[in-house]
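So you can see what is in the structure, the chains are spelled out below.
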Amino acid sequence: MSSIHEENQAVNATLKILSGKWKILILYSLYEGTKRFNELRRLIPGVTQRMLTNQLRELEDDKIITRHVYAQVPPKVEYSLSEIGQTLTPVLIALKKWGVCYIQKSAGR
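Treat the numbers as computed from the prediction; the structure is a model and nothing was measured.

Caption draft 1: Summary view of helix H6 (residues 89–107). Relative to the 27 Å expected for 19 residues at 1.5 Å per residue, H6 spans 27 Å between its end C-alpha atoms, a close match to the ideal helical length. Buried within H6 are the following residues: Thr89, Leu92 and Gly99. The arc that holds every buried residue of H6, seen down its axis, measures 85°, which confines them to one face. Pointing more than 90 degrees away from the buried face of H6 are the exposed residues Pro90, Lys97, Trp98, Gln104 and Lys105. Close packing links the buried residues of H6 with helix H2 (23–31), strand E3 (76–81) and helix H5 (83–86).

Caption draft 2: Highlighting the packing of aromatic side chains. In the structure shown here, the tally under the stated rule is 2 aromatic pairs. The interplanar angle of 55° and the centroid separation of 5.1 Å between the aromatic rings of Tyr28 and Tyr31 together place this pair among those described as tilted. Of this pair, Tyr28 and Tyr31 both sit in helix H2, 3 residues apart, roughly one helical turn. Residue Tyr28 is classed as partly exposed on the basis of its relative accessible area, which comes to 21%. Taking 5.3 Å as the distance between ring centres and 10° as the angle between the ring planes, the aromatic pair formed by Trp98 and Tyr102 counts as stacked. Residue Trp98 and its partner Tyr102 are located together in helix H6, separated by 4 residues, close to a single helical turn. Overall, Tyr102 belongs to the partly exposed group, its relative accessible area being 41%. Over the ring of Tyr70 we find Lys76, and its NZ or CZ is 4.8 Å from the ring centre.

Caption draft 3: Quick look at the nonpolar core. Ile26, Leu27, Leu30, Leu52, Leu56, Ile65 and Tyr79 are the most contacted members of the largest nonpolar core, which has 19 residues in total. Those elements that provide at least two residues to this core are H2, helix H3 (37–43), helix H4 (49–61) and E3. If we ignore the near neighbours within four places in the chain, the residues touching Leu27 are Leu18, Leu59, Ile64, Ile65, Leu81, Leu88 and Leu92.

Rules used throughout
Residues numbered from 1 in each chain as written. Predicted model: local features only at pLDDT ≥ 70, side-chain atom pairs only at ≥ 80, totals over all residues. Heavy atoms only, no water. Helix = DSSP H or I, 4+ residues; strand = E, 2+ residues; numbered from the N terminus. Expected span 1.5 Å × (residues − 1). Buried < 20%, exposed > 50% of the residue type's maximum accessible area, 1.4 Å probe, protein only. Arc of directions from axis to C-beta. Contact = heavy atoms within 4.5 Å. Phe/Tyr/Trp six-rings, centres within 6.5 Å; stacked < 30°, edge-to-face > 60°. Lys NZ or Arg CZ within 6 Å of the ring centre and 35° of its normal. Core = buried A, V, L, I, M, F, W, Y, C linked by side-chain atoms within 4.5 Å.

By themselves, these observations are geometric and do not establish any function.
Encoded structure:
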């Protein structure tokens, strides 16, 4: 059985990768399929271009998403979940379901 220290390390690693106001929304948008930058901006109201760029770079650095640049003018860039990023799909779905449940239960207070 793993120790509490090892479990905390695993949770901390997860939080490090998913922390940031916009990352989970980005990942949720990408779980539905490959998107271009401006598509992501439309799907995530309130995110600035700079913040979206930074969050995408961090997710790419962590190998959670892939960035594909097409050699054309103007440049075309697409983002999608990497292989390891795709393993987050059940987590993203569970977070959505939990949020729906929470909203319903908190509205009934």
